[in-house]
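Secondary and tertiary structure notes
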Amino acid sequence: MKHPRTVDDVMTHAVVSTRLDAPVKEIVQSMRRWGVSAVPVLSAEGRVVGVVSEADVLGGVPGQDRHSVGTMTAGSLMQSPAVTVSRGATIAGAARLMGRSRLKRLPVVDEDGRPVGVVSRGDLLKVYLRSDAEVAEDVRHELLAHLIPEGDAALTVRVADGAVTLTGHLPRSVPTDLALRLTRAVPGVVDAAAEFTTA
């Protein structure tokens, strides 16, 4: 089973987007049809250049008559530049970006800025629904694959509600704080502690 590590593992691959010259009515119809609160705006080359949200439509452009909003286009309403994320971004990195930007959804783009998916807060939260057994297996794999040469440690990983306790012994060359940092980076880990003896 592949454990979710990057945006690509949890994103929605279908993308509802709109054109720069799309009128407001068309944008709202797309939002209602697909049940989304925001849509990325694409350039003629297919790159994400902005995002139009329900708030943008309802708020219009400052100084514009409310009734004139209906004649506006995505290009005049959108927030630009768009806040996007790459499919290879870590789940934690995407969550931080979403939090800083106060956004509920982010367009996911390829190297050329073209949309390949959308990631939402709900998508990112899925990693916390993993079982303790899955988390323990992933922690064990991370530590043994990246930090501790095989056979050099007697490692026990216990997980209770996402809280990890590492026991056993580490080689002297491996700092405990490094093992804990690597453990905390595993999706689904909410806390980590170590009770190591050195080998």
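Preceding this paragraph is the structure being described.
Residues numbered from 1 in each chain as written. Predicted model: local features only at pLDDT ≥ 70, side-chain atom pairs only at ≥ 80, totals over all residues. Heavy atoms only, no water.

**Overview of unusual backbone geometry**
Omega for the peptide link from Ser80 to Pro81 comes to 0°, which places this bond in the cis form. The residue Pro81 is located in the loop between helix 4 (74-77) and strand 4 (85-86) in this model. For Arg102, which is not a glycine, the phi torsion comes out positive at approximately 55°. Relative to the elements of secondary structure, Arg102 occurs in the loop between helix 5 (91-101) and strand 5 (105-109). Residue class for Arg102 comes out exposed when judged on its relative accessible area of 75%. Phi is positive for Asp161, which is not a glycine, with a value near 55°. Looking at the secondary structure, you find Asp161 in the loop between strand 7 (154-160) and strand 8 (163-170). (Helix = DSSP H or I, 4+ residues; strand = E, 2+ residues; numbered from the N terminus. Buried < 20%, exposed > 50% of the residue type's maximum accessible area, 1.4 Å probe, protein only.)

**Points about the nonpolar core**
Among the nonpolar cores identified, the biggest contains 19 residues, and Val139, Leu143, Val157, Val164 and Leu166 are the most heavily contacted of them. Elements with a minimum of two residues in this core: helix 7 (132-146), strand 7, strand 8, helix 8 (176-184) and strand 9 (191-198). Here this core gets 4 residues from one element, more than from any other, and that element is helix 7. Other than its neighbours up to four places away in sequence, Val157 contacts Ala136, Val139, Arg140, Val164, Thr165 and Leu166. Counting residues in hydrophobic clusters, the runner-up holds 15 residues, among them Val85, Leu106, Val108 and Val127. (Core = buried A, V, L, I, M, F, W, Y, C linked by side-chain atoms within 4.5 Å. Contact = heavy atoms within 4.5 Å.)

**Regarding the sheet that holds strand 4**
In a beta sheet, neighbouring strands pair by backbone hydrogen bonds and run either parallel or antiparallel. Across the sheet, which stays open at both edges, the 3 strands sit in the order 4-5-6 with mixed pairing between neighbours. In this open sheet, the two strands that pair with only one neighbour each are strand 4 and strand 6 (115-120). One ladder, built from 5 bridges, connects strand 5 with strand 6; its direction is antiparallel. Counterpart to Val109 in the pairing with strand 6 is Pro115. (Pairing = 2+ DSSP bridges.)

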